[in-house]
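Fold and contact review
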Amino acid sequence: MTEREFELSRRDLLRYAAQGAAFLGAGGLVATGSRRTTRSSAAAAMSPRIKRGGTLQAGLSGGSSSDTLDPQNWVNLVDGARVYSLFNPLVDFDLGAHPVLSLADELEASRDAMKWTIRVKPDVEFHNGKTLSADDVLFSFQRIVNPKSPALGAISLKALDIAHAKKLDKYTIQIPCFTPFSPLADILASYDFFVVPVGFDLKKPIGTGPFKYESFTAGQQSTFVKNENYWESGLPYIDKLVISDFPDEVSQVNGLNGGTLDVIDLLSADSIAPVRSGGNNVIITKGGGYTPFTMRVDQPPFDDVRVRQAFRLICDRDAMLRTVFSGYGKIGNDVFGLWDAVYDTKLPQRVQDIEQAKSLLAKAGHSHLAVTLVTSAIGSGTVQVAQVLKQQAAAAGVTVNLKEVTSSEFFGPNYLSWTFAQDYWNYYPYFSNVLQGTLAGAPFNECHTNNAAYKSLYKQAVATLDGHKRAEIAHEMQQMEYSGTASGYIIPYFNPVIDGYGSRVHGVVSSKTGLPLGAYGFKSMWLA
Amino acid sequence: MIARAGTRRRAYVRAHPIASLVAGRTGQGIITLLLVSLVVFAATQLLPGNAARAILGFSATPQRIHALELELGLYRGWWSQYWGWLSGLPVGRLGTSLANSEPVWRLVEPRLLNSAVLVVVSGLTGCVLGIALGAVAALRHGSLLDNSMTVGALAVLAVPEFVVAIGVVILFSTVVFHLFPGVSLLTPGENILQAPRLLVLPALSLVIVTIPYVYRMTRAATLEALESPYVEMARLKGVPRWRVLVQHALPNALPPTIQVVGLTFLRLAGGIVLVEEVFDFPGIGQGLVNAVTDRDIPVIQFIVIALAAFYVVVNITTDVLALLCSPRRRIPA
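No experiment lies behind these values; they were computed from the predicted model shown. (Residues numbered from 1 in each chain as written. Chains lettered and ligands numbered in written order. Predicted model: local features only at pLDDT ≥ 70, side-chain atom pairs only at ≥ 80, totals over all residues. Heavy atoms only, no water.)

Considering the overall build of chain B
Cut-off, in case you're wondering: Put simply, DSSP marks the helices as runs of H or I at least four residues long and the strands as runs of E at least two long, and each gets a number from the N terminus on. For each residue, the accessible area found with a 1.4 Å probe, counting protein chains only, is set against the maximum for its type, and the residue is called buried under 20%, exposed over 50%, and partly exposed in between. In what follows, residue pairs with any heavy atoms lying within 4.5 Å of each other are defined as contacts. The accessible surface values rely on the Shrake-Rupley method and a 1.4 Å probe; as for residues, cover is taken only from the protein chains in view.
Secondary structure summary: chain B contains 14 helices and 0 strands in total. Counted from the first residue to the last, chain B has its helices and strands arranged as α-α-α-α-α-α-α-α-α-α-α-α-α-α. Expressed along its principal axes, the backbone C-alpha trace of chain B runs to roughly 85 × 65 × 35 Å. Per-residue burial for chain B yields a buried fraction of 44% across its 333 residues. Once local pairs closer than 6 in sequence are excluded, the contacts in chain B between residues at least 24 apart make up 73%. Taken as a whole, chain B presents about 17,000 Å² of accessible surface, with 69% of it coming from carbon and sulfur.

Comments concerning the nonpolar core
As a reminder of what qualifies: The nonpolar core is taken to be a set of buried Ala, Val, Leu, Ile, Met, Phe, Trp, Tyr and Cys residues, with the residues joined through side-chain atoms within 4.5 Å.
Judged by nonpolar contacts, the single largest core of 118 residues is most densely connected at Leu90(A), Phe141(A), Phe181(A), Val263(A) and Phe522(A). At 6 residues, helix H14 (residues 467-483) of chain A tops the list of elements feeding residues into this core. Counting 39 residues, the second largest nonpolar core, distinct from the first, contains Cys127(B), Val169(B), Val261(B) and Phe302(B).

Focus: the packing of aromatic side chains
All names here are of chain A. Note the cut-off: Any two rings among Phe, Tyr and Trp, with Trp reduced to its six-membered ring, count as a pair given centres within 6.5 Å; such a pair is stacked if its planes are under 30 degrees apart, edge-to-face if over 60, and tilted if neither. Charges are assigned to positions over rings by a cutoff of 6 Å between ring centre and Lys NZ or Arg CZ, combined with an angular limit of 35 degrees from the ring normal.
Across all of its chains, the model carries 30 aromatic pairs over all chains by this definition. With 5.0 Å between their ring centres and 90° between their planes, Tyr-84 and Phe-194 make a pair best called edge-to-face. One end of the pair, Tyr-84, is in helix H2 (residues 77-86); the other, Phe-194, is in the loop between helix H4 (184-188) and strand E8 (211-217), and 110 residues separate them in sequence. The class of Phe-194 is buried, set by a relative accessible area of 1%. Here the aromatic rings of Tyr-84 and Tyr-520 are separated by 6.5 Å at their centres, their planes lie at 40°, and the arrangement is tilted. Of this pair, Tyr-84 sits in helix H2 while Tyr-520 sits in helix H15 (residues 516-520); the two residues are 436 residues apart in sequence, bridging distant segments of the chain. You can call Tyr-84 buried: its relative accessible area is 7%. Given the relative accessible area of 3%, Tyr-520 is considered buried. One residue, Arg-350, lies across the ring of Tyr-482, its end atom 4.1 Å from the ring centre. Positioned above the aromatic ring of Trp-339 is the side chain of Lys-512, whose terminal nitrogen or guanidinium carbon lies 4.2 Å from the ring centre.

Quick look at the interface of chain A and chain B
To keep things clear, this is the line we draw: By buried area we mean the combined loss of accessible area, with a 1.4 Å probe, across both parts when two parts are placed together. What makes a salt bridge here is a side-chain nitrogen of Lys or Arg within 4 Å of a carboxyl oxygen of Asp or Glu, nothing more. Any N or O atom pair separated by 3.5 Å or less is treated as a polar contact, with the protein-specific requirement of one donor-capable and one acceptor-capable atom, and with residues adjacent in sequence counted only for side-chain atom pairs. Residue polarity is assigned by list, with Asp, Glu, Lys and Arg as charged and Ala, Val, Leu, Ile, Met, Phe, Trp, Tyr, Cys and Pro as nonpolar; anything else, Gly included, falls into the polar class.
Each partner contributes residues to the interface: chain A has 37 residues there, and chain B has 33 residues. Note on chain A versus chain B: buried area summed over both sides is about 2,900 Å², and carbon and sulfur give 57% of it. The interface formed by chain A and chain B includes 0 salt bridges. For the pair chain A and chain B, the interface holds 5 residue pairs in polar contact (both at pLDDT 80 or more). For the side of chain A that touches chain B, the secondary-structure elements that each account for two or more residues are strand E10 (240-246), helix H5 (249-257) and helix H11 (407-410) of chain A. When residues of the side of chain A that touches chain B are assigned to their parent elements, the largest contribution, 5 residues, is made by H5(A). A class-by-class count of the residues in the side of chain A that touches chain B yields 14 nonpolar, 20 polar and 3 charged.

Here's the deal with the pairing of strand E12 (residues 281-290) of chain A
Residue and element names in this part refer to chain A. The condition is simple: Criterion used throughout: strands pair if DSSP finds at least two bridges between them.
Of all 10 residues making up E12, 9 are buried, and the element is well covered by its neighbours. Looking at chain direction, E12 and strand E19 (residues 493-501) are connected through 7 bridges and run antiparallel. Paired with Tyr-290 across the strands is Phe-494, a residue of E19.

Brief notes about the packing of helix H12 (residues 284-293) of chain B against helix H13 (residues 297-325) of chain B
All names here are of chain B. The condition is simple: With axes taken as lines fitted to C-alpha atoms, and helix axes fitted only over the stretch in contact, angles between N-to-C directions fall between 0 and 180 degrees. Crossings are assigned a handedness: left-handed for a near helix turned anticlockwise from the far helix by less than a right angle, right-handed for a clockwise turn.
Remark: H12 packs on H13, axes separated minimally by 9 Å, with the N-to-C direction vectors making an angle of 145°. For the pair H12 and H13, the sense of crossing is left-handed. When H12 is examined against H13, the residues Ile-284, Gly-287, Leu-288, Ala-291 and Val-292 are found in contact with a partner set consisting of Val-299, Ile-300, Ile-303 and Val-304. Within the contact of H12 with H13, the residues separate by chemical class into 8 nonpolar, 1 polar and no charged.

Some remarks on the pattern of salt bridges
The full count for this structure, using the stated rule, is 19 salt bridges over all chains. One salt bridge connects Arg350(A) with Asp334(A), and the closest N-O pair in it is separated by 2.7 Å. With Arg350(A) in the loop between strand E14 (330-331) and helix H9 (354-363) and Asp334(A) in the loop between E14 and H9, the pair connects residues that are 16 residues apart, well separated along the chain. Of the two residues examined, Arg350(A) and Asp334(A), each falls in the buried class. Where Glu102(B) meets Arg106(B), a salt bridge forms, and the shortest distance between an N and an O atom there is 2.8 Å. Through salt bridges with shared partners, one network takes in Arg312(A), Arg317(A), Asp334(A) and Arg350(A).

Structural notes on the sheet that holds strand E5 (residues 115-120) of chain A
All names here are of chain A. If you trace the 4 strands from one edge of the open sheet to the other, you get E4-E5-E7-E6, paired in antiparallel fashion. Each edge of the sheet is formed by a strand with only one pairing partner; in this case those strands are strand E4 (104-109) and strand E6 (166-169). With direction set aside, neighbouring strand axes in the sheet form an average angle of 20°. Sheet topology note: the E4/E5 ladder contains 5 bridges and is antiparallel. Looking across to E5, one finds that Ala-109 is bridged to Trp-116. Docked against the sheet, helix H3 (residues 134-145) engages E5, E6 and strand E7 (172-176), running at close to 35° with respect to E7.

Thoughts on helix H12 (residues 430-437) of chain A
Residue and element names in this part refer to chain A. With 8 of 8 residues buried, H12 lies mostly within the body of the structure. The complete set of buried residues in H12 reads Tyr-430, Phe-431, Ser-432, Asn-433, Val-434, Leu-435, Gln-436 and Gly-437. Elements that come into contact with the buried residues of H12 comprise H4, E12, helix H13 (452-463) and H14.

A closer look at the side chain of Asp67(A)
Residues and elements named next belong to chain A. By the element assignment, Asp-67 lies in the loop between strand E1 (55-61) and H2. In this structure Asp-67 comes out as buried when scored by relative accessible area, which is 5%. Polar contacts involving the side chain of Asp-67 include one to the main-chain amide nitrogen of Ser-64, which spans 2.7 Å. Contact partners of Asp-67, with chain neighbours within four places excluded, come to Asn-76, Asp-79, Arg-82, Phe-216, Ala-218, Gly-219, Gln-220 and Asp-245.

Side note on H13(A)
All names here are of chain A. As a reminder of what qualifies: Every helix has an expected span of 1.5 Å times one less than the residues it contains.
With 12 residues, H13 extends 17 Å between its outermost C-alpha atoms, agreeing within 8% with the 16 Å of an ideal straight helix rising 1.5 Å per residue. Here the buried face of H13 lies against H12 and H14. Capping the start of H13, Asn-451 holds a side-chain oxygen 3.1 Å from the backbone nitrogen of Ala-453, two or three residues further along.

Observations regarding the side chain of Asp94(A)
Residue and element names in this part refer to chain A. Relative to the helices and strands, Asp-94 is located in the loop between strand E2 (91-93) and strand E3 (99-101). Here Asp-94 falls in the buried class, since its relative accessible area comes to 9%. Within polar-contact distance, the side chain of Asp-94 engages the backbone nitrogen of Gly-96 at 2.9 Å.

Section: the packing of helix H10 (residues 229-237) of chain B against helix H11 (residues 241-279) of chain B
Residue and element names in this part refer to chain B. Basically, it comes down to this: The labels follow the angle: roughly parallel below 35 degrees, roughly antiparallel above 145, roughly perpendicular from 65 to 115, and oblique for the rest.
H11 packs onto H10 with a crossing angle of 160° between their chain directions and a minimal axis gap of 10 Å. As far as their axial angle goes, H11 and H10 are roughly antiparallel. Judged by the sense of rotation from one axis to the other, the crossing of H10 with H11 is right-handed. Residues Tyr-230, Val-231, Ala-234 and Arg-235 of H10 form the contact with H11, whose participating residues are Arg-241, Val-244, His-248, Ala-249 and Asn-252.

Thoughts on a nonpolar patch on the surface
Residues and elements named next belong to chain B. Going by this rule: Two joining distances apply to patches: 9 Å for like charges and 5 Å for nonpolar side chains (Val, Leu, Ile, Met, Phe, Trp, Tyr), and every residue must have over 30% relative accessible area and no salt bridge.
Together, Ile-170, Leu-171, Val-175, Val-176, Phe-177 and Leu-179 line one region of the surface with nonpolar side chains, adding up to about 520 Å² of accessible area. Structurally, the position occupied by Leu-179 is in the loop between helix H8 (161-174) and helix H9 (197-226). Given a relative accessible area of 45%, Leu-179 falls into the partly exposed group.

If you want it as structure tokens, here you go:
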């Protein structure tokens, strides 16, 4: 990306950071451990040049008639934009994708990691004027794990004994665990753990978020208005937020360049030039989400670790990234959890090595291997990168037959059972990703990894509160993923996120989670 | 004369040709609609995935999908679902959307209105301009004007609707001029008549693709009429050129032109899907695309039936109008 379009946001970021520091210094936050300030309290102290008021028109990619405002069961990314505007989680990601306290004022585990104490901020009001209390937090957890209709996050909370959670005082609850569980902050930040008031009614969605519900038509548009009593003082700046569903990228760009829209998201690299030539801005984020190739480790030929290693060596990751995203994004090393502090940056970057791949295949008895890769347009660039892999594999004498299916078929009954396929993953902190993907019995264990040593390392890691020790164990686990013994993933790159915004829009930042528009940070945007 | 009047009376007893045409076509139309509904229903059954899966997304667990399938009644046999839908249709019970449990009519009605306005406005404008230009070209047959308009029409015909739409946006909204919005963002509850500015560019795109058809047909029909013996006769009698055109040639060129106008409206009803996509226009085409994505069978069924019914009605209307314009055929033998 050029210097120009980051200039503004970098300046804004620096300013916010400075203000955030001042805010912290004033004793605004009580945080456990080294948790940083939330991404938006940073903007709490106002700069005089910020202009308030106005209506921000957001044209966001995706959405359909099944759009929902349920903050614990949202599906598509336009839902996400709405949910992040109306509600807050207990713990959120900051712009660097690190978990920070949001509605929670304190999140503390007992020494043995068998009990968690969660205290919420005392001065937070719901949109209907009710003060946020421990009851609401209990209700929110119960709603997620409700056995009759468990929400998306229920699986990640299975170490927690929510049924025996109890209220300690007006703002505090305590949750016992079935087994020691230290990475709760990572889990709670992961997109599905928003707080709703007791008796939450989806028809009148009441939250604590920066915007209040005004109207919503699924598949089309929602209108939210400023929450005057928002707890992050000074925010939001705009009076009204209109979010419209856009099925088509061309119309998003037309809407921005024609002046109807103020912000648009999730563009392809092809749209960068038209947005700029329309006098508008592009912001490109190196996100932590990825679209891996998935090799089932329990089925031939991938049950032989040498075959998995060979496929990883076949990939020219730079070429893949160039073809699919014009080189924006970040090269992957077959290990996930990119922005987590426990991500091992010292692992050598794997590069293409056709000779080595050939020799590994020959040793495995697969000199003339032919495999079928199931591909589908399930994430940006998935089909293109599959085509690139096919070409690169040919150089090593491997035939990759592409079987392209519709996304409905991909996610149909055979999802998670394909022998060789692809998938889409949002950014998750390392252990949160392990819990969902690579652990034996994990809900999205598409590679069918079942490594006892790996699992026992995971158990040790989540049983300790010692961050240093946890990082050591994580590195050990990542070594097993990197070598292929405990992983069937090829992660060629981490996807970039490309958003556009109008020349009169300020305060647009980028979030390393890869959620567009700074994780839908409409609250910090303002209109000149 | 008396004998002829007698024949006429007997003919009325046998039913007027127009009445019998309308009755026959309506019967055929109803059968067509039934077949269409059956085919579409069968097609929705063949689509991979179902509404429950579409609604919950790929991160849903099998238990949640199963629970929702039960709730939506997807476990019932397809004939039971189909009959439930069909039996409700005559009494206006259209069912509820699977995607968001709203009544189907409440979801579709605003979109139907928006699309109808778009089709009528662009269809009428396109037809009037097309007929006028076609007649002028026929009058100036062989002139530079005629030739250039004919080549222009051919060129536009070769371009798909959505490319025209993108061109219109580039010209009037984003790059060259900034006159009209390039996306038609309507507030839900508001209809397109309340925001006519948003109609301009989608309608213009459709007008541009409509004109060539009508133009070519009118031009050919008028040319044919102009070259006929009765026109030659009128010319020889010294009737002025414009009267020859308006009184003699155009009425005879009318029946084929009416057919083409009818066809134009039918084409528009299908062509709006892509144009609506380009402008994010909240119409029936976008509604249908959404419904298919969500496997929302009641909504798909209703929109398709509404479109099919429109086809049937337009076909009957054009046939009747064409008949009314040809005296030889509307008077019973």
